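# Results of the structural survey
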Amino acid sequence: GAESADHGHGDGVGLPVPRQIRISNITCDSFWISWDMESRGREQITHYFIDLNKRENRDANKFKLKDVPTKLVAKAVPLPMTVRGHWFLSPRTEYTVSVQTAAKQLDGDYLVSQWSETVEFCTADYSSVQLKQLLQKAENIAGRMLPFSVFYRNQHQEYFLQPGSRDAECRRMLPVMKDDSGSHGSPISGKLEGLFFSCNTEFNTGKPPQDSPYGPYRFQVRAEALFNYNTNIYFADFYCMYTSYHYVILVLAPDGSKGDLFCKGRLPALSRSDNHFLTCGEEPDGSLSFLHAQDVILEVIYTEPVELSSGTVTRISGHQITSQSTANAKKDPSCKICNISVGR
């Protein structure tokens, strides 16, 4: 049982002060909290007052009287106590928390102890539970499958001519760390290295579009070079950027590679030949054929270096539409299509 803690008076005589606050079993939207306290006065405790704030906003309540709590009142239960759902906790977010013990009086008011020390903790990434919820939402709008034959990656000319994100001697494109685009709770942001590729095609031509937000030069490689029966495929994210376009992030990782080991247990694995987004099948003549979802924009992360000699680099004829770039793009938290109930 919980209610808003908007009243309480003074330091309750004899009420023990919580000490040695411990936070455990942290998920993206919940945590356990426990503490030590003296045995004297425990029998008076009826409630706990818990003050939780995002760390970056910890000065927001600097004028609040500490003996007048403004956060949660929870009935006293055996510790550890699970805190879930009271504050719409966000994943990957730093919080501060402090606690008081309280005794409810006959008039409905409270006597409260002094505040405990303040401790800090950070909520976790999305777990497989939340990722499967995102996956189901993405599957609902993926649409029909269209054939494609190449993966492509756009950059400025300097990227392909000068050492930067490449190995200059071997002329390889090297994986870089995934940025913060997409869902805030994504377990790959800032943790998985890879190369972003696209594979979407234009409906009327069946070929890659001639416009790109990332640069006028395009590296293009046959699909089977990156996606084959030695490649595992994982679902990583589903999001939008305040537009009607929705993005699905997939990871392609050669079996047994460093990227593959990272993804196992963290991301939902998809069947290579039977999923709603990106498939690899075998034709009667033994060749491989590929399909991509029509109604979402796929962002494919390949976790290993790619030789420039495995494909071609050409200048595209279209425009660079920078407004469509997803670099560090923030997810629209109000979209009902791609958001789930725990954070963003």
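Here the structure is a predicted model, which is why all the values come from computation and not from measurement. (Residues numbered from 1 in each chain as written. Predicted model: local features only at pLDDT ≥ 70, side-chain atom pairs only at ≥ 80, totals over all residues. Heavy atoms only, no water.)

## Observations regarding the pairing of strand 19 (residues 246-254)
Most of strand 19 sits out of view: 9 of its 9 residues are buried. Both faces of strand 19 are covered, namely the face carrying His246, Val248, Leu250, Leu252 and Pro254 and the face carrying Tyr247, Ile249, Val251 and Ala253. Note: strand 18 (residues 231-240) against strand 19, 9 bridges, orientation antiparallel. Paired with cysteine 240 across the two strands is histidine 246, which belongs to strand 19. What sits between the antiparallel neighbours strand 18 and strand 19 is a turn of 5 residues, in which tyrosine 242 has the positive phi angle 60°. Looking at chain direction, strand 19 and strand 23 (residues 297-302) are connected through 6 bridges and run parallel. Looking at strand 23, one finds that valine 251 is bridged to isoleucine 301. (Buried < 20%, exposed > 50% of the residue type's maximum accessible area, 1.4 Å probe, protein only. Helix = DSSP H or I, 4+ residues; strand = E, 2+ residues; numbered from the N terminus. Pairing = 2+ DSSP bridges.)

## Let's talk about the environment of valine 176
Structurally, valine 176 can be placed in strand 15 (residues 176-177). Look at valine 176 and you get partly exposed, because its relative accessible area is 36%. Separated by 16 residues in the primary sequence, valine 176 and leucine 192 have C-alpha atoms spaced 8.2 Å apart.

## Comments concerning the nonpolar core
By size, the foremost hydrophobic cluster in this structure holds 58 residues, and its most contacted members are Phe151, Phe197, Phe235, Phe277 and Leu278. Counting residues in each nonpolar core, the second largest holds 21 residues, with Phe31, Tyr48, Met81 and Val119 among its members. (Core = buried A, V, L, I, M, F, W, Y, C linked by side-chain atoms within 4.5 Å.)

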